[in-house]
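# Residue-level structural notes
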Amino acid sequence: MKLMTKHIPQHILYLNGVSKTFDGFKAINDLSFTVKPGELRAIIGPNGAGKTTMMDIITGKLKPDVGDVFFRDMVDLTKHDEADIANMGIGRKFQKPTVIESLTVFENLELALTGNRGVFKALFHKLDAEQYRRIDEVIKRVGLAEKRDWLGGNLSHGQKQWLEIGMLLNQEPDLLLVDEPAAGMTDHETELTAKLLKEIAGERSVVVVEHDMEFIKALACPVTVLHEGHVLAEGTLEQVQANEQVIEVYLGR
Amino acid sequence: MTSQSRLAWLMNDVAGRRLMALILAVIIILPVLNLWVPKDSFFHVSSYTIGLLGKYLCYALLALAVDLIWGYCGILSLGHGAFFALGGYAMGMYMMRQIGDRGVYGNPLLPDFMVFLNWQELPWYWYGFDNFFFAMVMVALAPGILAFVFGWLAFRSRVTGVYLSIITQAMTYALMLAFFRNDMGFGGNNGLTDFKDLLGFSLQKDTTKVALFVCSGVALILGYLLCRYVVSSKLGRVLVSIRDAESRTRFIGYRVEHYKLFVFVLSAMLAGVAGALYVPQVGIINPGEFSPINSIEIIIWVAVGGRGFLYGAIIGAVLVNYGKTFFTGAFPEIWLFMLGGLFVVSTLFLPQGVVGIVQQWKDKRAEKKALQAGASGEVAS
Amino acid sequence: MIKQYWGVLLVLFSCLLSGLYASPAWAEDAEAGASLESLLSELTSSSFNKKAKAVEAIAALDDERVLPVLEAMLAGDLFYRKSDDKIVFTASAESGYQITDALTAEDLGAVGKREVKKISTNNRLRKQLRTQIAGYKLLSKKAEIRLAAADDLIKTPSPEFLEVLQGAIKKEKDNSVLKALKVARAVILLQSDNEVDRIQAVKDMDGFANKHTMAMLTALVQQNEDGSYVESSELVREEATSVLKGLKAMETWYKFVEDLFFGFSLGSVLLLAAVGLAITFGVMGVINMAHGEMIMLGAYTTYVIQLIMPNQIGASLIVAVPAAFLVSGLMGVIIERTVIRHLYGRPLETLLATFGISLILQQLVRSVFSPLNRSVITPDWMSGSWELNGFLSLTYNRLYIIIFALMVLFGLMLLLKKSFFGLQMRAVTQNRSMASSMGIRTGWVDAMTFGLGSGIAGIAGVALSQLTNVGPNLGQSYIIDSFLVVVFGGVGNLWGTFVAAMGLGIANKFVEPMAGAVLAKILILVFIILFIQRRPRGLFAIKGRFVEG
């Protein structure tokens, strides 16, 4: 299905020396970091650390002032727009859950299903049995089997988050960028989400931006700390929590 | 519900089917009552009524076109009157050429207004309009091309929301100014008028009027089916997702600008067809049709009927225009107050229009029934 | 207090205007007074010879009262009262005359036609008066008067003044007056038979901006039907050609300046129309399609004020400014509280609802004032024009519009930047919930902000009532332009609005001669449409991390 499945890249995502300035404010400052295929990576950082801007740059919403952004070692992401990048295999979940509120859960997932995105293809599109099976499988996986025909707008906050993750899965991306998936979830839901993401990682690369330390702990993966648009520390959760600089940034002097 | 039957898109639309059946009945029965029932009979329908209803049908098609982009894709065009007028002008140009040497000045080639302006030859863009089929192609193509160029520029640079609304309004305003100019070659102030016949049938004859009425009805039904098919397809769902969450749609990998462009051009073409059917029924097309207020009025038809329900747009167009005919006749002072009030009331209190109210009322009743029966089924929409 | 609105410049202009006939500060020179009095009494004589001598003697006096007397005499407005032979100025009154003492300027009230007798003149006397007046003016102590006299002589050249002019030129110290005097002389000398005189005349005309002399020079180098030149001397023709070239360059330059001025005034109109919208749309994000009707209400307020105070038309405009602000502002507050407040965050719905309101307001005005245009009177101080030189004159109404628009803009900027209300307003627009939790009544601020934007639209209406017809459709013609200006300039940026308005005004003025008025308008519209599609956020976009969606 994917064009480049044969080539196994060294890095799924490669950022080097990326900077982005808004009116003199450096949202991203000489940011470099990489994600390996199949890796699960958590990114933490205080407000304004540049997490969302970084995601905007990776997904083509913003162009960096300087720096390289490469996908699968070869594709220069700064030369493509959102739709292109999504179709290459980078899926993104927003901080605020955004599902299509006036479509059903099923229809939401149908739209996200990987395949031709052309206008005329869409006009005459019919789902085949395989695609049906695929959608239903994802619905079960994100635990929305009973809500299959509910409108997206009628779901609870946590269910919207899951639906959005389900949509990401249906895109069959190589890299998932997940912005605060646990926000507004109950403890139980948070646990399930962590489990789900861990499952997904391995077959795909997942980058999770999160504030909730419990959630990060549950993910049990390498952590990157961003501060003022720059990587402050990298390592396991225990390592970064012991890092002097990180403590200073989070707790103040 | 996603049923997999080939005709699911039509079968699921009960209200729409009923409305189409009604329109079909109207365009079959009224011509009979007009042509073959004696004038003094109680059942006779006057040609005036036929003409009026024919106009409403054209408006309904126009409203349909606007609902397609506004209701389903969230594009609020304040310039759809321009596409309507362009279609009308294309039709008018054909009918001007049909006049031939029967004009006041008797020039076989040039329309009267060109002779009056001392023009020696036909401008190049008038060539071909003596051919009916060419003219009919242009009816859809001229608005289509304008919509394509305009939409391509606008959607590619991601002009959205009110900004788009404002520049569409500016577009129709600019076109209005342009068409008012005599040297544009479209009859300036007076526009195109004094039409004689269409495909050889005199426009004065009742049979021609009835035929135009029936054509308008047929065009409306076909237009409705087309729109219904589009919004029921996956493309329709992409449009809805663009309307509800544009950037989400982009991040799923859809090229939003292509979808918008497609539906914008389609809508403009439908508007053009509506204009082309409208002009022979009213006998004139002038630059006033481009005026921004006309375009905004279309929006209110859709809003009153029910945005996002294709049949709602049709109902709204007929309702509001009936109201306009009635009140401008009976209480001309009040009409603008009413129209203005409609804008305010429908946006404040009727976000889904008349159709929405009926829907809500039905849902409530269904809920009550369900409760009474003790059944716990979910209400699917 | 009211005058402050029109500012210092008004005072400045009125000084310039009234220079000629400023309220006379009569010199308390007893001796001169006495002699003028005695000379005046001689005018009552029936002998034209005696009168001529008296006129000559009067003209020799150094007295500010001399000129009005001579001019009144020439115009036939100088009379004497039969009862006491007092010399008076007359102005026609209902049945008879309104008379003023020629010596003391004392108002002597109305008199019947039979109570006074005109001091009659004949051709010779009138000719003498004209020369004497010209001479008197040319030797006046006031430079403006001398300049005006020279200008008069340029327009109506007559060899009889040559001598007076020569005398005046010798005495003249002021360079600009000297130039005008020389040109006045040149105009006369151009008819001379002497080639040297004519060459000197042409040379004197060099660099003097005056349409009249330019026409004369142009005529000079023309050929007759038989191919011979109007001016026989080739030297004169050569000189004329070169002088003419310079004058033409000057004229082109002043034409450019004038176009620029027109462009600025057009831009000011746009600015006035748009600046209120820059508040409601730019700051609050409310699409108010009824903005044009707020302008219209302002214009109608002006009309009503003039109906209320028909005798003080001059002051009516100044009263109308705050009145229009209140009327439109109040209407804005009402609209905000009843409709718009329910539609925040739904811009397209706001657009439709306010459009509905605009229809209602239009019909309201139509029902109350009739659908016909109402006429708003232009007060005297706004009519006429300021002539800088022969090539350039600026009409006062445009000048005032420019000044007024700038005052409104800067006033508004000051209000937003410096006042407490402006602070509250910015707080609410930037972070509503934070502002609210700090105790700012956000609802009240919304209403006031909207009222402010609408009120400014009302003020714009006062200004526009001086330029266009006041009718129910007044607002509609400005709404699209206003939106385009605000969007073009960059939403939420008053400087952007200013630059956009002026830029479009000037562009319009300069495209117009090339393409015609309507086509110019279309071209500008198309340009803005294309521009917005390239840069949807306008000229001066506020950069930053845009919010999702």
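Residue and element names in this part refer to chain B. Evaluated as defined, the whole model comprises 46 aromatic pairs over all chains. Aromatic pair Trp-124 and Tyr-125: ring centres 5.2 Å apart, planes at 85°, arrangement edge-to-face. Following the ring pairs from residue to residue traces out a cluster consisting of Tyr-89, Phe-113, Trp-124, Tyr-125, Trp-126, Phe-179, Phe-186 and Phe-290. The residue whose ring lies beneath Arg-365 is Trp-361, and the NZ or CZ to ring-centre distance is 4.9 Å.

Here we take up a nonpolar patch on the surface. Residues and elements named next belong to chain B. Taken together, the side chains of Val-137, Leu-141, Ile-145, Phe-148, Val-149 and Trp-152 make up a nonpolar region of the molecular surface, amounting to roughly 540 Å² of accessible area. Locating Phe-148 in the fold gives a position in helix H6 (residues 132-156). Residue class for Phe-148 comes out partly exposed when judged on its relative accessible area of 43%.

A few words now on the pairing of strand S7 (residues 175-179) of chain A. Residue and element names in this part refer to chain A. Among the five residues that make up S7, five are buried, leaving the element largely enclosed by the rest of the structure. With burial as the criterion, each face of S7 is covered, one bearing Leu-175, Leu-177 and Asp-179 and the other bearing Leu-176 and Val-178. The pairing of strand S6 (residues 90-93) with S7 spans four bridges and is classified as parallel. Looking at S7, one finds that Arg-92 is bridged to Leu-177.

Below, the discussion takes up the sheet that holds strand S8 (residues 205-209) of chain A. Residue and element names in this part refer to chain A. Read from one edge to the other, the open sheet built from six strands follows the order S6-S7-S8-S3-S9-S10, with strand pairing classed as mixed. In the strand order of this sheet, the two ends are held by S6 and strand S10 (230-235), each with one partner. Across the sheet, the axes of successive neighbouring strands diverge by a mean angle of 20°, strand direction being ignored. Relative to S7, helix H1 (residues 51-58) is tilted by about 150°, and along the sheet it contacts strand S3 (40-44), S6, S7, S8 and strand S9 (223-227). On top of the sheet, helix H6 (residues 157-170) reaches S6 and S7; it is set at about 175° to S6, its chief contact.

Chain B puts 41 residues into the contact, and the matching count from chain C is 44 residues. Both sides of the chain B and chain C interface together cover about 3600 Å² of buried area, and 79% of this is carbon and sulfur. Put simply, chain B and chain C have one salt bridge between them. A salt bridge links B:Arg307 to C:Glu349, with the shortest nitrogen-to-oxygen separation between them at 3.9 Å. Linking chain B to chain C there are two residue pairs in polar contact (both at pLDDT 80 or more). Taken together, the elements giving at least two residues each to the side of chain B that touches chain C come down to H6, helix H7 (161-180), helix H12 (292-305) and helix H14 (332-349) of chain B.

Residue and element names in this part refer to chain C. Taken in spatial order, the five strands of this open sheet run S4-S3-S2-S1-S5, and their pairing is antiparallel. Edge positions in the open sheet fall to strand S4 (107-111) and strand S5 (116-118), since each of these has one partner strand only. Strand-to-strand twist across the sheet, computed as the mean angle between neighbouring axes with direction ignored, equals 40°. Direction of pairing for strand S1 (residues 78-81) relative to strand S2 (residues 87-93): antiparallel, over a ladder of three bridges. From the neighbouring strand, Leu-78 faces S2, where its bridge partner is Phe-89.

Moving on: the pairing of S4(C). Successive side chains on a regular strand alternate, one facing one side of the sheet and the next facing the other. Residue and element names in this part refer to chain C. When strand S3 (residues 96-101) meets S4, the two strands line up antiparallel, connected through three bridges. Looking at S4, one finds that Thr-100 is bridged to Asp-107. Linking two consecutive strands that pair antiparallel, namely S3 and S4, is a turn of five residues; a positive phi of about 65° is found at Ala-105 within it.

Turning to the domain arrangement of chain C, a few remarks are in order. With domains assigned, chain C is organised as domain 1 (2-131), domain 2 (138-232) and domain 3 (261-475). One C-alpha centre belongs to domain 2 of chain C, the other to domain 3 of chain C, and the line joining them spans 50 Å.

Reading the values: the criteria
- Residues numbered from 1 in each chain as written.
- Chains lettered and ligands numbered in written order.
- Predicted model: local features only at pLDDT ≥ 70, side-chain atom pairs only at ≥ 80, totals over all residues.
- Heavy atoms only, no water.
- Phe/Tyr/Trp six-rings, centres within 6.5 Å; stacked < 30°, edge-to-face > 60°.
- Lys NZ or Arg CZ within 6 Å of the ring centre and 35° of its normal.
- Patch = residues over 30% accessible without salt bridge, like charges linked within 9 Å, V, L, I, M, F, W, Y side chains within 5 Å.
- Areas by Shrake-Rupley, 256 points an atom, 1.4 Å probe, with all protein chains shown as cover.
- Salt bridge = Lys/Arg side-chain N within 4 Å of Asp/Glu carboxyl O.
- Helix = DSSP H or I, 4+ residues; strand = E, 2+ residues; numbered from the N terminus.
- Buried < 20%, exposed > 50% of the residue type's maximum accessible area, 1.4 Å probe, protein only.
- Pairing = 2+ DSSP bridges.
- Axes fitted to C-alpha atoms, helices over the stretch in contact; angles between N-to-C directions.
- Contact = heavy atoms within 4.5 Å.
- Buried area = accessible area lost by both parts, 1.4 Å probe.
- Polar contact = N/O pair within 3.5 Å; in protein donor to acceptor, adjacent residues only side chain to side chain.
- Domains from an automatic or database assignment.

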